[in-house]
Amino acid sequence: MAVYTDVAADELADFLKAYEIGDLLSYKGIAEGVENSNFLLHTTRGYFILTLYEKRVAADDLPYFLSLMAHLAARGVSCPQPATNRAGEVCGTLSGRPAVIINFLEGVWPRRPNLAHCAGVGEAMAKMHRAGLDYPSYRSNPLSVTGWRPLFNIAASRADEIQPGLRDFIAAELDYLEGNWPEQLPTGVIHADLFPDNVFFIGDKLSGLIDFPFSCNDILAYDVAICLNAWCFEPDLSFNVTKARALLNAYQRERALSEAEQAALPLLARGAAMRFLLTRLVDFLNVPAGALVRPKDPLEYVRKLRFQQNVAGIRDYGVEAAGAVA
Ligand SMILES: Nc1ncnc2c1ncn2[C@@H]1O[C@H](COP(=O)(O)OP(=O)(O)O)[C@@H](O)[C@H]1O
Ligand SMILES: N[C@@H](CCOP(=O)(O)O)C(=O)O
């Protein structure tokens, strides 16, 4: 459960007076997510989600992703919308944290993604990338290649507690990624955390995307790489090439990857694995006392990174490279 910051009922009822979302009937902490504190609110007008933003989300960044959600929805990408209070603001303060209420999105996230789910996220991600092209705000990605070494520095001295040799493994890979990270690929608005728990489906039909606090401007194909890691490995951490093909083909029906993007995909996937390995490692080693959270396993991303280190090209993801002769 991710509740780092608790909220008292009377404080919450007071906070809600500024909104026109009805009177509070009940609320509870949500037993999912690891980044922020989330609560399900039941009011006389229905269900809402209250999020208190924690350590990795700066209050200054909130307008970027809250406006992005409206921008995307206006272009047909289904995602929750923030509630505006009577003063016309979407962001308030509760229990000392930036706080936002969004509408409840119907659907559930897939516990065991199938081919239809992988195709669904590929298609939705490409549509999101296209819809973001005319988004006027800019936010650089604090968790791209230049953000990884500071995370490593926090965790390095204790990394071998998690797995002997992990410190040296990460250090060598970081050197490689920093020396080879691509600079000329197409950029735009990316979600940057489009894991299965952030994509809702009703049956096999995608009902919407949630959780935009990591969204930013970065290499579009990096978002694809994040999804290859998050959606295309089985629970035993074997790579499912059929799922990768479904995801990439569905993406490319909406937005074709250039030759350069295709060629860079294995490298981007190594970087994507490094990013989640590092945040998981830092979080695993630093669970705040009293927080209701189950930290995610950093070793899952060590295994995924090792797989990606051995990928020779996009064919290993089940699709032919652009320009390849059949
Ligand atoms: N708009 C929404 N509609 C329905 N459920 C939601 C919504 N937003 C969040 N949730 C629920 O809260 C959980 C955690 O939200 P998430 O945004 O992933 O957390 P975090 O802020 O920690 O990244 C989700 O897995 C989902 O169950
Ligand atoms: N997706 C990240 C964790 C942050 O995402 P959340 O949506 O679960 O809060 C990971 O798997 O490491």
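About the criteria used
- Residues numbered from 1 in each chain as written.
- Chains lettered and ligands numbered in written order.
- Predicted model: local features only at pLDDT ≥ 70, side-chain atom pairs only at ≥ 80, totals over all residues.
- Core = buried A, V, L, I, M, F, W, Y, C linked by C-beta atoms within 7 Å.
- Buried ≥ 20, exposed ≤ 12 C-beta atoms within 10 Å, placed from the backbone.
- Domains from an automatic or database assignment.
- Contact = placed C-beta atoms within 7 Å.
- Helix = DSSP H or I, 4+ residues; strand = E, 2+ residues; numbered from the N terminus.
- Expected span 1.5 Å × (residues − 1).
- Axes fitted to C-alpha atoms, helices over the stretch in contact; angles between N-to-C directions.
- Parallel < 35°, antiparallel > 145°, perpendicular 65-115°, else oblique.
- Left-handed = near helix turned anticlockwise from the far one by under 90°.
- Nonpolar A, V, L, I, M, F, W, Y, C, P; charged D, E, K, R; others polar.
- Pairing = 2+ DSSP bridges.
- Near = placed C-beta within 6 Å.
- pLDDT = per-residue confidence, 0-100.

Asks: What exactly am I supposed to notice about the nonpolar core here?
Replies: Soluble, globular proteins show a tendency: their nonpolar side chains are buried together. Membership of the largest hydrophobic core comes to 71 residues, with the highest contact counts inside it found for Ala221, Ala225, Cys227, Leu228, Leu247 and Leu268. Per-domain counts for this core show at least three residues from each of domain 1 (9-103) and domain 2 (115-317). What Leu228 contacts, discounting residues up to four positions off in sequence, is Ala244, Leu247, Ala269 and Tyr317. Membership of the second largest hydrophobic core comes to 11 residues, among which are Phe39, Leu52, Tyr53 and Ala99.

Asks: What is the right way to look at helix α7 (residues 241-254) in this model?
Replies: Given 3.6 residues per helical turn, the α-helix brings residues three or four places apart onto the same face. The first and last C-alpha atoms of α7 sit 20 Å apart over 14 residues, in line with the 20 Å expected at 1.5 Å per residue. Tucked inside the fold, the buried residues of α7 contact α3 (115-131) and α6 (220-231).

Asks: Please clarify how the packing of α6 against α7 should be interpreted in this entry.
Replies: Describing two packed helices takes the angle between their axes plus the distance from one axis to the other. Between α6 and α7, the least distance of the axes is 10 Å, while the angle of their chain directions is 150°. It follows that α6 is roughly antiparallel to α7 by the angle criterion. In the packing of α6 onto α7, the handedness of the crossing is right-handed. Residues Val224, Cys227, Leu228 and Trp231 of α6 form the contact with α7, whose participating residues are Lys243, Ala244, Leu247 and Tyr251. Across the contact of α6 with α7, the residue classes break down as seven nonpolar, no polar and one charged.

Asks: Where do I start with the pairing of strand β7 (residues 199-202) in this structure?
Replies: Each regular strand displays side chains that alternate between the two surfaces of the sheet. Bridge count for β7 against strand β8 (residues 205-209) is four bridges, and the pairing is antiparallel. Paired with Val199 across the two strands is Leu209, which belongs to β8. The antiparallel hairpin formed by β7 and β8 contains two residues in its connecting segment, where Gly203 sits at a positive phi of about 65°.

Asks: Can you walk me through the site of ligand 1 in this structure?
Replies: Among the 19 residues in the neighbourhood of ligand 1, the closest are listed as Gly33, Asn36, Pro80, Leu105 and Asp211. Here the residues of the shell around ligand 1 sort into 10 nonpolar, five polar and four charged. Both domains that meet at the shell around ligand 1, namely domain 1 (9-103) and domain 2 (115-317), each give it at least three residues.

Asks: Could you clarify how one ought to interpret the site of ligand 2 in this entry?
Replies: The environment of ligand 2 is made up of Gly33, Val34, Glu35, Asp193, Phe195, Asp197, Asn198, Asp211, Phe276, Thr279, Arg280 and Lys296. Both domains that meet at the shell around ligand 2, namely domain 1 (9-103) and domain 2 (115-317), each give it at least three residues.

Asks: How do you make sense of the sheet that holds strand β4 (residues 92-94) when you look at a structure like this?
Replies: The strands that make up a sheet are held in pairs by hydrogen bonds between backbone atoms, and each pair lies either parallel or antiparallel. With respect to topology, five strands assemble into an open sheet ordered β1-β2-β3-β5-β4, the strand pairing being antiparallel. Strand pairing shows two members of the sheet lacking a second neighbour, β1 (24-29) and β4, which therefore form its edges. In this sheet, adjacent strand axes meet at a mean angle of 35° when their direction is disregarded. Relative to strand β3 (residues 46-52), strand β2 (residues 37-43) is paired through seven bridges, and the arrangement is antiparallel. Counterpart to Thr43 in the pairing with β3 is Gly46. Contacting β1 and β4, helix α1 (residues 9-16) runs over the sheet at an angle of about 120° to β1.

Asks: Would you take a moment to explain the confidence of the model for the chain for this structure?
Replies: Close reading of the predicted structure is inappropriate where its pLDDT is low. Of the residues in the chain, 97% have a pLDDT of 70 or more, and the chain-wide mean is 94. Predicted complex, confidence summary: ipTM 0.91, pTM 0.93.

Asks: Even after reading the chapter, I still don't get the domain arrangement of the chain, so can you show me in this structure?
Replies: Once the domains are mapped, the chain shows domain 1 (9-103) and domain 2 (115-317). Once you take the C-alpha centre of each, domain 1 and domain 2 turn out to be 26 Å apart. At seven residues, helix α2 (residues 62-74) tops the list of elements feeding residues into the side of domain 1 that touches domain 2. Per-class residue counts for the side of domain 1 that touches domain 2 are 11 nonpolar, four polar and four charged.

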